[in-house]
Amino acid sequence: KQEVTQIPAALSVPEGENLVLNCSFTDSAIYNLQWFRQDPGKGLTSLLLIQSSQREQTSGRLNASLDKSSGRSTLYIAASQPGDSATYLCAVRFQGAQKLVFGQGTRLTINP
Amino acid sequence: NAGVMQNPRHLVRRRGQEARLRCSPMKGHSHVYWYRQLPEEGLKFMVYLQKENIIDESGMPKERFSAEFPKEGPSILRIQQVVRGDSAAYFCASSTDRVDGYTFGSGTRLTVV
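Calculation notes
- The written sequence of each chain sets the order in which its residues are numbered from 1.
- Key to labels: chains lettered from A, ligands numbered from 1, both in the order written.
- Predicted model: local features are reported for residues with pLDDT of at least 70 only, side-chain atom pairs are reported and counted for 80 or more only, and whole-chain, interface and lining totals are derived from all residues.
- Just so you know, side-chain values use all the structure's heavy atoms and leave hydrogens and water out.
- Here a helix means four or more residues in a row that DSSP labels H or I, a strand means two or more in a row labelled E, and each is numbered from the N terminus.
- Distance and chemistry together define a polar contact, namely a pair of N or O atoms within 3.5 Å, with one atom able to donate a hydrogen and the other to accept it when in protein, and with adjacent residues in sequence counting only for side-chain atoms on both sides.
- In what follows, a contact means two residues having at least one pair of non-hydrogen atoms within 4.5 Å.
- When DSSP finds two or more bridges between a pair of strands, those strands are recorded as paired.
- By buried area we mean how much accessible surface two parts lose on assembly, using a 1.4 Å probe and totalling the loss over both.
- Here, a salt bridge means any side-chain nitrogen of Lys or Arg that lies within 4 Å of a carboxyl oxygen of Asp or Glu.
- Three categories are distinguished: nonpolar for Ala, Val, Leu, Ile, Met, Phe, Trp, Tyr, Cys and Pro, charged for Asp, Glu, Lys and Arg, and polar for the others, with Gly belonging to the last.

Caption draft 1: Here's a closer look at the side chain of Gln37(B). Along the polypeptide, Gln37(B) turns up in strand E4 (residues 31-37). Engagement of the side chain of Gln37(B) in a polar contact is seen with the side chain of Gln38(A), the distance being 3.0 Å. Within polar-contact distance, the side chain of Gln37(B) engages the backbone oxygen of Glu41(B) at 3.4 Å. What Gln37(B) contacts, discounting residues up to four positions off in sequence, is Gln38(A), Gly42(B), Leu43(B), Ala88(B), Ala89(B) and Phe91(B).

Caption draft 2: A look at the pairing of strand E6 (residues 56-59) of chain A. Residue and element names in this part refer to chain A. Pairing analysis gives four bridges linking E6 to strand E7 (residues 62-67), with the strands arranged antiparallel. Residue Glu 56 lies in a different strand from E7, and its bridge partner there is Ser 65. Between E6 and the antiparallel strand that follows it, E7, lie two residues; Gly 60 among them carries a positive phi value of about 60°.

Caption draft 3: Looking closely at unusual backbone geometry. Cis geometry is adopted by the peptide bond preceding Pro8(A), which originates at Ile7(A) and carries an omega value of 0°. Take Pro8(A): it is sitting in the loop between strand E1 (4-7) and strand E2 (10-14). The amide bond that connects Asn7(B) to the next residue, Pro8(B), takes the cis arrangement and shows omega of 0°. With respect to the secondary-structure elements, Pro8(B) resides in the loop between strand E1 (5-7) and strand E2 (10-13). We note that Ala79(A) has phi near 45°; this positive angle belongs to a residue other than glycine. You can see Ala79(A) is positioned in the loop between strand E8 (72-77) and strand E9 (86-94). Located in the positive-phi region is Arg64(B), a residue other than glycine, with phi close to 75°. Residue placement: Arg64(B) occurs in the loop between strand E6 (53-56) and strand E7 (65-68).

Caption draft 4: Region of interest: the interface of chain B and chain A. Of the residues lining the interface, 22 residues belong to chain B; the matching set on chain A comes to 20 residues. Considering only the surface of chain B that becomes buried against chain A, Leu43(B), Tyr102(B) and Phe104(B) emerge as the three largest contributors, covering 32% of it. Seen at the junction of chain B and chain A, the total is zero salt bridges. Secondary-structure elements contributing two or more residues to the side of chain B that touches chain A are E4 and strand E5 (43-50) of chain B. Here the side of chain B that touches chain A takes four residues from E5(B), the largest share from any one element. Of the residues belonging to the side of chain B that touches chain A, the class tally is nine nonpolar, six polar and seven charged.

Spelled out as structure tokens, the structure:
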């Protein structure tokens, strides 16, 4: 069964710290992987999209890496700010499918 | 470019009524996907449609739920005879033919009372 898991479920850190969110998936045959941000009661905002042929993508203070062979992706957030507080979702499009399979998310709190 | 538009943003229905959720994909996107997010849970795939065709409905409950994406107009997710367990946030996403990344709408929050 194709599943996506995110750990930890929740993370609270002081402002200014660098942090890593983890995502693992059960099948290495993926088409792409996408990281989203969701604010409470809001929709999903796409942060980074990594194609299966890529190892990483960067946008500002965010860096996402992909290791297909080990079934893992990480989202690195540098110099965290209170405005980064949100739930971060990892979603995988597996080969042969059009739909996304989501992890349960990591609820991030950045304390001023 | 207005992005993926969903309406209504909030919908309250009494048990037994029908709920109709609408989704207009981004301009240039011909693929629509519906996902459901139950309280304190992750997003679960429901159905994938292209214009006038249901491509994958493997995540749709067998009864009371249906979806369409007509040649003209928005995609509609229809829930008949709603029950309290249908209370959730319903998200629509769209993509191009290349399915190179998905854009999500702001969701419809359905509350069944």
